[in-house]
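Residues per chain, in single letters:
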Amino acid sequence: FLPHLVASMEQVDQTYIMIKPDGVQRGLVGEIISRFEKKGFLLKGLKLFECTKELAEEHYKDLREKPFFPKLIDYITSGPVVCMAWEGVGVVASARKLIGATNPLQAEPGTIRGDLAIQTGRNVVHGSDSPENGLREIELWFKEGELCQWTQVQVPWLRE
Ligand code: GDP
Ligand code: MG
């Protein structure tokens, strides 16, 4: 048995992580990527991207009726974002924990938002809230051919 075959017998999820324009402008790209990288998840896709209003609206369509929706769309389209697809067992819930609460003042120290942000409207990073939305969002933000299939050499050191 090779370790990566054992791993593949478990449910492997994918999550869409996005560094928002404030994270890019504030020079936090490396810091944020490294939190997921150090945790051990598998990076499947990565790009710097300027998104359209239409794409931002589709991404946040469940929040359409919220009073802050227009501001949210202006924020997300205010500069380049960094789009990422990460894979792993339990990656969706784990990434949400690494990111921390929506309101950075309520986010625990040690989380990305808890350490690096102060306002809900400038909370530096997005993470999918379910495996279904992870797949939906990766499909929305990445084109065919932009994701890589590869195996980390560190797998035997990450999984027993
Ligand atoms: P998330 O899953 O933790 O990102 O939070 P939600 O899905 O509830 O909201 C999506 C994003 O909308 C948040 O990350 C914030 O950027 C923004 N947002 C949510 N609530 C508010 C709010 O009350 N005011 C403002 N300005 N933005 C908000
Ligand atoms: Mg959300």
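Residues numbered from 1 in each chain as written. Chains lettered and ligands numbered in written order. Predicted model: local features only at pLDDT ≥ 70, side-chain atom pairs only at ≥ 80, totals over all residues. Heavy atoms only, no water.

**Q** Looking at this structure, I do not really get the layout of surface pockets. What am I missing?
**A** Gaps left between atoms show up when a probe the size of a water molecule is rolled over them. In this structure, the largest pocket occupies an estimated 710 Å³ of space. Residue lining of the largest pocket: 27 residues in total, with Lys20, Tyr60, Leu63, Phe68 and Leu72 positioned closest to the centre. Listed by contribution, the elements that provide at least two residues to the lining of the largest pocket are helix H5 (69-76), helix H6 (91-99), strand S4 (125-127) and helix H8 (131-141). Counting residues per element, the lining of the largest pocket draws most heavily on H5, which supplies four residues. Its residues placed into classes, the lining of the largest pocket shows six nonpolar, 10 polar and 11 charged. (1 Å grid on protein atoms, 1.4 Å probe; cavity = no way out; pocket = protein on both sides within 12 Å on 5 of 7 lines; lining within 4 Å. Points joined across faces, edges and corners; volume = space filled by probe spheres on them. Helix = DSSP H or I, 4+ residues; strand = E, 2+ residues; numbered from the N terminus. Nonpolar A, V, L, I, M, F, W, Y, C, P; charged D, E, K, R; others polar.)

**Q** So what exactly am I meant to see when it comes to the sheet that holds strand S1 (residues 13-19) here?
**A** Hydrogen bonding along the main chain pairs the strands of a sheet, whether they run parallel or antiparallel. Sheet architecture is open: four strands sit in the order S2-S3-S1-S4, paired in antiparallel fashion. The open sheet has two edge strands, strand S2 (42-49) and S4, and neither has a second partner. On average, each strand axis in the sheet is inclined to that of its neighbour by 15°, with strand direction left out of account. Two strands pair when backbone bridges link them, and S2 and strand S3 (residues 81-88) are joined in this way by seven bridges, in the antiparallel orientation. Looking at S3, one finds that glycine 45 is bridged to alanine 85. Across the sheet, H6 is in contact with S1, S3 and S4; its angle to S1 comes to roughly 30°. (Pairing = 2+ DSSP bridges. Axes fitted to C-alpha atoms, helices over the stretch in contact; angles between N-to-C directions. Contact = heavy atoms within 4.5 Å.)

**Q** Any chance you could explain the packing of aromatic side chains here in plain terms?
**A** Centre distance and the angle of the planes are the two values used to describe a pair of aromatic rings. Summed over the entire model, instances satisfying the criterion amount to four aromatic pairs. Here the aromatic rings of tyrosine 16 and phenylalanine 142 are separated by 6.4 Å at their centres, their planes lie at 80°, and the arrangement is edge-to-face. Here tyrosine 16 is found in strand S1, whereas its partner phenylalanine 142 is found in the loop between H8 and helix H9 (155-158), with 126 residues between them in sequence. Here the two residues tyrosine 16 and phenylalanine 142 agree in accessibility, since each one is buried. Aromatic pair phenylalanine 49 and tryptophan 141: ring centres 6.2 Å apart, planes at 80°, arrangement edge-to-face. Note that phenylalanine 49 is positioned in strand S2 and tryptophan 141 in helix H8, a separation of 92 residues in sequence. The class of phenylalanine 49 is partly exposed, set by a relative accessible area of 27%. (Phe/Tyr/Trp six-rings, centres within 6.5 Å; stacked < 30°, edge-to-face > 60°. Buried < 20%, exposed > 50% of the residue type's maximum accessible area, 1.4 Å probe, protein only.)

**Q** When you look at the UniProt feature "active site" (unreviewed entry) in the protein in this model, what are you seeing that I'm missing?
**A** Taken from the UniProt record, the annotation "active site" (unreviewed entry) applies to His126. What makes histidine 126 buried here is its relative accessible area of 9%. Those residues in contact with histidine 126, other than ones at most four positions away along the chain, are Tyr16, Ile17, Met18, Lys20, His59, Tyr60, Ile99, Arg113 and Glu137. Of the polar contacts made by the side chain of histidine 126, one reaches the side chain of histidine 59; its length is 3.5 Å. (UniProt positions renumbered as here; feature names shortened; annotations may be inferred. Polar contact = N/O pair within 3.5 Å; in protein donor to acceptor, adjacent residues only side chain to side chain.)

**Q** In this structure, what is going on with the confidence of the model for the protein? I would like to understand it.
**A** Detailed reading of the predicted coordinates is not advisable wherever pLDDT is low. Taken over all residues, the pLDDT of the protein has a mean of 95, while the share at 70 or more is 94%. We note a pTM of 0.95 for the whole complex and an ipTM of 0.99 for its interfaces. (pLDDT = per-residue confidence, 0-100.)

**Q** Is there a simple way to explain the site of ligand 1 in this structure?
**A** In the vicinity of ligand 1 lie 13 residues, with Lys20, Arg96, Thr102, Arg113 and Asn123 positioned nearest. Separating an oxygen atom of ligand 1 from a side-chain N or O atom of lysine 20 is a distance of 2.9 Å. Between ligand 1 and threonine 102, the relevant distance is 2.5 Å, taken from an oxygen atom to a side-chain nitrogen or oxygen of the residue. Taking 550 Å² as the accessible area of ligand 1 by itself, protein coverage stands at 74%. The cavity where ligand 1 resides is the largest pocket. For the shell around ligand 1, the element with the highest residue contribution is H5, accounting for three residues. Among the residues making up the shell around ligand 1, the classes are represented as five nonpolar, four polar and four charged. (Near = heavy atom within 4 Å. Areas by Shrake-Rupley, 256 points an atom, 1.4 Å probe, with all protein chains shown as cover. Sits in = over half its atoms within 2 Å of the grid points.)

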